[in-house]
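Structural features, examined
Residues per chain, in single letters:
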Amino acid sequence: MDNEYSEQTVITGSVFDSQGPLPGASVVVKGTTNGTQTDFDGNFTLSIDSNDPVLVVSYVGYATQEIAVGNQTAIDVILVEDTSQLEEVVVLGYTTKKKGEVTGSVSTVSADDIAKSGSKDLVKSLAGKVSGLIISDRGGTPGANDATLLIRGKSTLGNNSPLILIDGIVASTFANLAPQDIESLTVLKDGAAAIYGARAANGVILVTTKRGKNGKAKISLSTSYTVSSFSATPSLMSSEQYAIYNNEIAERYGNDPIYSQADIAKYADGSDPINFPNTDWADETFAKSSPESRTSLSISGGNDNVNYFVSGDMIRQTGMYKSGDLKFDQDQIRSNLDIRITEDVKLGIDLSGRFGETLEPGIGTGPIYKQIYNNAPTEVAVYPNGLIAWGGENGLNPAIMSSKESGFDKKIDNDLRAKFTIDYDLHKLTEGLKFKGYAGMRRMSYDQKSWYTPWTVYTYLESTDDYVSQTGFSQDGSENILTESFWKYNELMLNATLYYSKSINDKHNFSGFVGYEQTTSDQRNFWVEKIGFPDSEHSELFAGDTDGQTSDGTSYEWARVNYFGSLSYDYMKKYYLDLTLRHDGSSNFGPGNRFGTFPGIAFSWAINRESFLENVSWINSLKLRTSWAKMGNDRITGFQYLTQYDYAGNVGAKPNYYNFGGEYYNGYSSIGVEAANEAITWESADMKNIGLNFTLFDNKLTGDLNYFYQKREDILVTRNASVPDYTGLTLPQENIGKVDNYGWELELGWNDKVGDLGYNFGFNFTQAKNEIVYMDEAENVADAIKQEGHPMDSYLVYPTNGIFQNQAQVDAEPVKLAGTVAGEPYYIDTDGNGKIDAGDRIRSYSSNVPEIQYGFYGGLNVKNWNFNFLFQGQAEAKMQVYFEGNGALPDFLYNQRWTPENTGAKFPRAFATGDSYSSSLNGPDNFQGADIYLQDASYLRLKEIELGYTISKDVLKFGEAKLYVRGYNMLTLFSDIYDLGLDPEAEGYNSFRSSTYPSLKSFTLGLNFNF
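This one's a predicted model, so the numbers in the text were calculated from it and none came from an experiment. All residue numbers here refer to positions counted from 1 along the written sequence of the relevant chain. In keeping with the predicted nature of the model, local features appear solely for residues at pLDDT of at least 70, side-chain atom pairs appear and are counted solely at 80 or more, and the whole-chain, interface and lining totals rest on all residues. Calculation of side-chain values draws on the structure's entire complement of heavy atoms; hydrogens and water are dropped beforehand.

1. Description of the overall build of the protein
Each helix is a run of DSSP H or I of at least 4 residues and each strand a run of E of at least 2, with the numbering of both proceeding from the N terminus. Secondary structure assignment for the protein yields eleven helices and 52 strands. For the radius of gyration, the atoms used are the C-alpha atoms, and the globule rule reads 2.2 Å times the number of residues raised to 0.38. Relative to its length of 1011 residues, the protein is compact, with a C-alpha radius of gyration of 33 Å against a globular reference of 30 Å. Overall, the C-alpha framework of the protein stretches about 115 × 70 × 65 Å when taken along its three principal axes. Throughout this description, buried means an accessible area under 20% of the type-specific maximum (1.4 Å probe, protein chains only), exposed means over 50%, and partly exposed covers the range between. Sorting the 1011 residues of the protein into buried and exposed places 49% on the buried side. Accessible area of the protein: about 45700 Å², with a carbon and sulfur share of 52%. His is not counted, nor are the chain ends, whereas Lys and Arg count as positive and Asp and Glu as negative. The location of each charge is read from NZ of Lys, CZ of Arg, CG of Asp or CD of Glu. Counting 83 positive and 129 negative side-chain charges, the protein places the averaged centre of each group 6 Å from the other. Each accessible area is a Shrake-Rupley result for a 1.4 Å probe, and residues are judged covered by the shown protein chains and nothing else.

2. A closer look at the UniProt feature "domain: TonB-dependent receptor plug" (unreviewed entry) in the protein
UniProt annotation of "domain: TonB-dependent receptor plug" (unreviewed entry) refers to residues 99–204 when read in the numbering used here. Counting secondary structure, residues 99–204 comes out at 8% helix and 28% strand; the distance between its end C-alpha atoms is 18 Å. UniProt positions are given in the numbering used here, feature names are shortened, and annotations may be inferred rather than shown by experiment.

3. Section: the side chain of Arg-354
One can find Arg-354 in strand β22 (residues 345–361). Here the side chain of Arg-354 touches Gln-330 through a polar contact of 3.4 Å, side chain to side chain. In protein, a polar contact means a hydrogen-donor-capable atom and an acceptor-capable atom, both N or O and within 3.5 Å, with residues adjacent in sequence counting only if both atoms are side-chain atoms; elsewhere, any N or O pair within 3.5 Å suffices.

4. Remarks on the side chain of Ser-119
Structurally, Ser-119 can be placed in the loop between α1 (111–115) and α2 (122–125). Of the polar contacts made by the side chain of Ser-119, one reaches the backbone nitrogen of Asp-121; its length is 3.1 Å. Whether two residues touch is decided by their heavy atoms; if any such pair falls within 4.5 Å, the residues are in contact. The residues touching Ser-119, leaving out its near neighbours within four places in the chain, are Lys-124 and Tyr-968.

5. Observations regarding the pattern of salt bridges
Salt-bridge detection follows one rule: a side-chain nitrogen of Lys or Arg within 4 Å of a carboxyl oxygen of Asp or Glu. Counted by the stated rule, this structure contains 41 salt bridges. A salt bridge links Asp-634 to Arg-560; the shortest N-O distance between them is 2.9 Å. Here Asp-634, found in the loop between β32 (619–633) and β33 (645–647), pairs with Arg-560, found in strand β29 (residues 545–571); they are 74 residues apart in sequence, far enough to count as distant. Residue class for Asp-634 comes out buried when judged on its relative accessible area of 2%. Residue classification places Arg-560 among the partly exposed positions, given a relative accessible area of 23%. For the salt bridge of Asp-584 with Arg-582, the shortest nitrogen-to-oxygen distance reads 2.7 Å. Pair check on accessibility: Asp-584 and Arg-582 agree, each one buried. Here the salt bridges do not stand alone but share partners, grouping Arg-941, Lys-943, Asp-983 and Glu-985 into one network.

6. A closer look at unusual backbone geometry
Even without being glycine, Met-572 reaches a positive phi, approximately 55 degrees. Within the fold, Met-572 resides in the loop between β29 and β30 (575–586). Classification of Met-572 by relative accessible area gives partly exposed; the value is 36%. The backbone of Asp-776 shows a phi angle near 55 degrees, a positive value even though the residue is not glycine. Mapped onto the fold, Asp-776 is located in the loop between β40 (757–774) and β41 (795–797). Owing to a relative accessible area of 5%, Asp-776 belongs among the buried residues under this scheme.

7. Digging into the sheet that holds strand β14 (residues 163–166)
Whether two strands pair comes down to DSSP finding at least two bridges between them. Taken together, the five strands give an open sheet; going across it, the order is β11-β16-β17-β14-β15, and neighbouring strands pair in mixed fashion. Strands at the two margins of the open sheet, each flanked by one partner only, are β11 (106–110) and β15 (169–171). Pairwise comparison of adjacent strand axes, ignoring direction, gives a mean angle of 25 degrees for this sheet. With three bridges joining them, β14 and β15 adopt antiparallel strand pairing. Note on definitions: angles span 0 to 180 degrees between N-to-C directions of axes, and those axes are lines fitted to C-alpha atoms, for helices only across the stretch in contact.

8. Focus on the sheet that holds strand β47 (residues 878–882)
Across the sheet, three strands lie side by side as β48-β47-β51; this open sheet has mixed pairing. Strands at the two margins of the open sheet, each flanked by one partner only, are β48 (934–936) and β51 (989–990). As paired elements, β47 and β48 share three bridges and run antiparallel to each other. For Lys-878, the partnering residue across the bridge sits in β48 and is Asp-936.

Structure follows, in structure tokens:
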């Protein structure tokens, strides 16, 4: 018999999830507006006066439940997370949308995925996690943002950096953010970025930080300790190998051996470490490992009137120098506050600060690495009594150069941000109308103090059995030098946006917004240098000599004005249409060229909602998407539309210093070019994308497939073909360059549960190609070295048939470098002129930016245990690997060199610096040598791995704790470069001139508490 409620009945209950009470859950009587929300403890009370009532209990991210009340007066409900809805809301430009309503090519990374990274650098932590992101870990220097970040590869000859916004405010990077602060990260890869107009062509990354939610205060505390080492380090030649190698060089030129067999034997047996040492300069300079710690604390919560999220984060990192004198410290704080003033008005106050300090020795990594490779292993680094030895020329010993004995370089980097937001619901004026506005401010500063001091080294005199002290110094000289500089940057962004949404008959759904935004910024910098200090204890400017002091300073200003709007329409959640339009103005460009208009259109079709698929139960969603947009890139040097002038400072130092009647007067002269380009404007990008999204088999299988094609035009380049060399003119850059960028992406994921075992696996793949269409290449450029019609960043090399294996092969070749012997590169006469010269050069159309990157990930969860892994790799990339020097070179040049017994070697016979046959044929700095020094940069890396155990609240009572171990860059496979002891993610190796501080491999032990 039906239950009849002749008078109101009071129902009480609680709503929980697997972790505990759910505050703010909705409890509504089905078919009515009678409802309530759970309180801080997840409890609710509701009066019911209907017959056979059914309660509808819901909460964002959880599956909705319907509970028949019957005769119950106390009801407890446990909600289960709805996997299909967890990532339902996606942050887009100036708005959010449900994932199923997104028409563009968008990738998202959740807070959980970000928090699981084994790297403190958040940019590096994204490698292999989503399609479209091309990320290379170029090094591990503490405090340096040394990762390369591209969206869909390179698409311009200019600046390829994407636009990054943190809570709507522009940022240069997000690498140093605290992981626990981030709610989500969204990558806009196609026309979805068009709403950002003149800054959208390289793609957009939106970082959203966490905010408080209704409920009791939630406290999260995490602490971790990391031990890091270099991911790859080349093994250097031993003294024995070095002696043999140099004897072979002497033999090549008919000279007597430098080292006798007796000398070589003594180097090998190590019986006399002073006179016959075997020094590994890398081991003397670098530690085997270095420590790093991180501690983060956050508190969040709120009620109907105030919500808050407050956090603090602290990093302490020591670099890999054995001295321990390379350090990076960072502290950051964040406060996101939401205040409801009235029912319709809400204010937001977001404050954050990051304070970084890097402390390095007084000598930079470049000179230190130079000496590691230039100092011979036959020289002593540290005497048995602990005294620092002479090392190399002028006492250049990297063991002491990499310590505070060479001075210090202190860098203080501060980034302060504030955002004040108003959110005004205008539904009383018109239903669906809202206003949002904010003022965003940035205050950044960078202060650097460099104190260079010569150091003390010792030489052993065998005749007196004494150690004589001497002063060691670098190319900066033997006097103390102090350099101080600062950089200040201020920015103010104002935004006002009006939003409107309307649904007609539950079929036609409209939403849109129009907005205005303006940004003003200014910066100034200053530096001063003094020498001639009385001692190494007074590192202050007042103590330096005024003679010879130098100083300089500049300041700049910029401004932008933007008008933008978007209109979205869908019919019955089946057909979706998005239109965007932005009108941008920038002070980078001159009058008449400052404003541009950037439209975009996107369409998607939810095919699964069609009648012919409505009964196909294994298809949960199937959507076809396509988009087109015109976007811009205004990342250029400012004020090129003006002729710029410099003002002279020192007599004779600049050509604009004039002599009148024996007196010298300062004057002005133009900088760089003979004329300005008044018509300069931004690059324009024509972007097309077609994609397919699907979820199948009860939402277990998800997929996203995209093909993209971008035509970039109006790229700034300098004319080459149009102006003969003999004119001597230096023309301004013009918007005449063209580049095409195209490729495809794939993401697949599987998520399921069998009994207590939950598991997930996924794969993503990106292939991004580019082609230079036009750059006004000089007319006399040979086809073999042309850049037009080919990918960017190609290598200019001399092609070879490998290495001459024997003298008979040398003698049989009519065209070769005069004097060539067996074991040297077998150069090819490509132009057929009968000699080996610059005309034989060709381009190897590949670069250190991979054409292909991919990732494969997985996870297992059983009871309280979790296990996660991520493999990341790349292909279709090449890297220069070339070493020469007078010191200890990598031992692969010894072990894999040509000898009469090893004629099929990978590398040439022993050769000296500047060798006319095997080294660079164009000088060391601009390397142009044999193609044998280009190596395949493909690899597969175990980027991340984690094993964790969670102690539940049922056990701890006061909260939840997770203990975990994580690894980063733990394993490298299928890499020719790694097999040489080198890092396949590095930019390349040209002796000590690049890739000086490798990426890191790390092991982390951590503990997370949630109260």
